[in-house]
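# Geometric and topological summary
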Amino acid sequence: MHLAIIMDGNGRWAKKRGLKRIEGHKKGAEVVKEITTYCANNPEINILTLYAFSTENWKRPKMEVEFLMKLLDNWLERELQTFIKNDVKFETIGDISKFSDKLKKRIEYTKKVTKNNKKLTQVLALNYGSRDEITRAVKKMIEKNEEITPENIQKNLDITRDVDLLIRTSGEIRVSNFLLWQIAYAEMFFTPTLWPDFTTNELEKILNEFKKRERRFGGI
Ligand code: FPP
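Residues numbered from 1 in each chain as written. Predicted model: local features only at pLDDT ≥ 70, side-chain atom pairs only at ≥ 80, totals over all residues. Heavy atoms only, no water.

## Thoughts on the nonpolar core
Taken as a class, soluble globular proteins show a tendency for nonpolar side chains to be buried jointly. With 43 residues, the main nonpolar core has Leu3, Ile5, Ile35, Cys39, Leu165 and Leu203 as its most contacted residues. For this core, the leading source of residues is helix α3 (residues 62-85), giving 9 residues. Residue contacts for leucine 165: discarding those within four places in its chain leaves Met1, His2, Leu3, Ala4, Glu187, Phe189, Ile206, Leu207 and Phe210. Counting residues in each nonpolar core, the second largest holds 16 residues, with Val123, Val175, Phe178 and Leu179 among its members. (Core = buried A, V, L, I, M, F, W, Y, C linked by side-chain atoms within 4.5 Å. Buried < 20%, exposed > 50% of the residue type's maximum accessible area, 1.4 Å probe, protein only. Helix = DSSP H or I, 4+ residues; strand = E, 2+ residues; numbered from the N terminus. Contact = heavy atoms within 4.5 Å.)

Set out below in structure tokens:
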């Protein structure tokens, strides 16, 4: 199944502890590692898509944006071993053309080294926004002179797999321009837990609830 997560609440987690927002992002990055390792070792989960940086996040203070970019670079460097050890393939969605050459190289290298890994595909959404993704897909279709059908639109998206389960942490009940096309039939869970406090234990509970829900995809 395809699990997608909006990892929200890093800033509030830090503020609650009298720390700087970036400390929340640091802790958040550790949680990404734990959740990825758990998903790689859960045979029911094939794809894990994480919202790491949105097309709107550029509006944050320059220092925070720079910190997030640096964190991502360091994180990828460190996590390569985790990806290899846990048989995780690394991919991204979104438009990374605006990122620094150094970060782009790191991303490409991580993809290359992990491309044959099988247990889990971890997809990071980077400079990602669903409206931007759909717009780019339609532009590609016009260039290729493809017929405008739902199937063709889906084929041209950055990620074609429908989402089965969407989780958002931190108590906000909204989707924030994340995978709008792919969540058409997804089950959704919203938890008040802030992302840095999110655990594999809570994920397991949500997965158990998800299994109890009856999915009808518009049928009866
Ligand atoms: C939301 O918290 C989180 C983000 C904008 C970015 C997500 C980033 C991470 C989890 C850490 C880095 C990830 C990787 C893969 C290295 P927020 O800052 O919006 O929190 P707030 O709503 O409490 O302010």
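## Looking at the pairing of strand β6 (residues 187-190)
Of the two faces of β6, the one lined by Glu187 and Phe189 is fully buried and the one lined by Met188 and Phe190 carries no buried residue. With 4 bridges connecting them, strand β5 (residues 165-168) and β6 associate as parallel partners. In the strand pairing of β6, leucine 165 is matched with glutamate 187. (Pairing = 2+ DSSP bridges.)

## Here we look at the pattern of salt bridges
If you walk through the whole model with that rule in mind, you get 22 salt bridges. Its salt-bridge partner being aspartate 197, residue arginine 17 comes within 3.9 Å of it at the nearest N-O pair. Residue arginine 17 is located in the loop between α1 (10-16) and α2 (21-40), and its partner aspartate 197 is located in the loop between β6 and α7 (200-212); the two are separated by 180 residues in the primary sequence. Residue aspartate 197 is classed as partly exposed on the basis of its relative accessible area, which comes to 32%. The network of salt bridges with shared partners includes Asp8, Arg12, Arg168, Glu172 and Arg174. (Salt bridge = Lys/Arg side-chain N within 4 Å of Asp/Glu carboxyl O.)

## Comments concerning the site of the ligand
Asp8, Gly11, Arg12, Arg21 and Arg60 are the nearest of the 16 residues found near the ligand. One nitrogen or oxygen atom from the main chain of glycine 9 is found 3.4 Å from an oxygen atom belonging to the ligand. Arginine 12 is positioned such that a nitrogen or oxygen atom in its backbone is 2.7 Å from an oxygen atom of the ligand. Its free accessible area being 610 Å², the ligand has 91% of it covered by the protein chains. (Near = heavy atom within 4 Å. Polar contact = N/O pair within 3.5 Å; in protein donor to acceptor, adjacent residues only side chain to side chain. Areas by Shrake-Rupley, 256 points an atom, 1.4 Å probe, with all protein chains shown as cover.)

## Side note on the sheet that holds strand β4 (residues 120-128)
Pairing is parallel across the open sheet formed by 6 strands, whose spatial order is β3-β4-β2-β1-β5-β6. Unpaired on one side and paired on the other, β3 (88-93) and β6 mark the two borders of the sheet. Taken over all neighbouring pairs, the strand axes of this sheet differ in orientation by 20 degrees on average, direction set aside. Contacts from α3 reach β2 (47-54), β3 and β4, with the element oriented near 165 degrees to β4. The sheet strands contacting helix α4 (residues 101-114) are β3 and β4, and the helix crosses β3 at an angle near 140 degrees. (Axes fitted to C-alpha atoms, helices over the stretch in contact; angles between N-to-C directions.)

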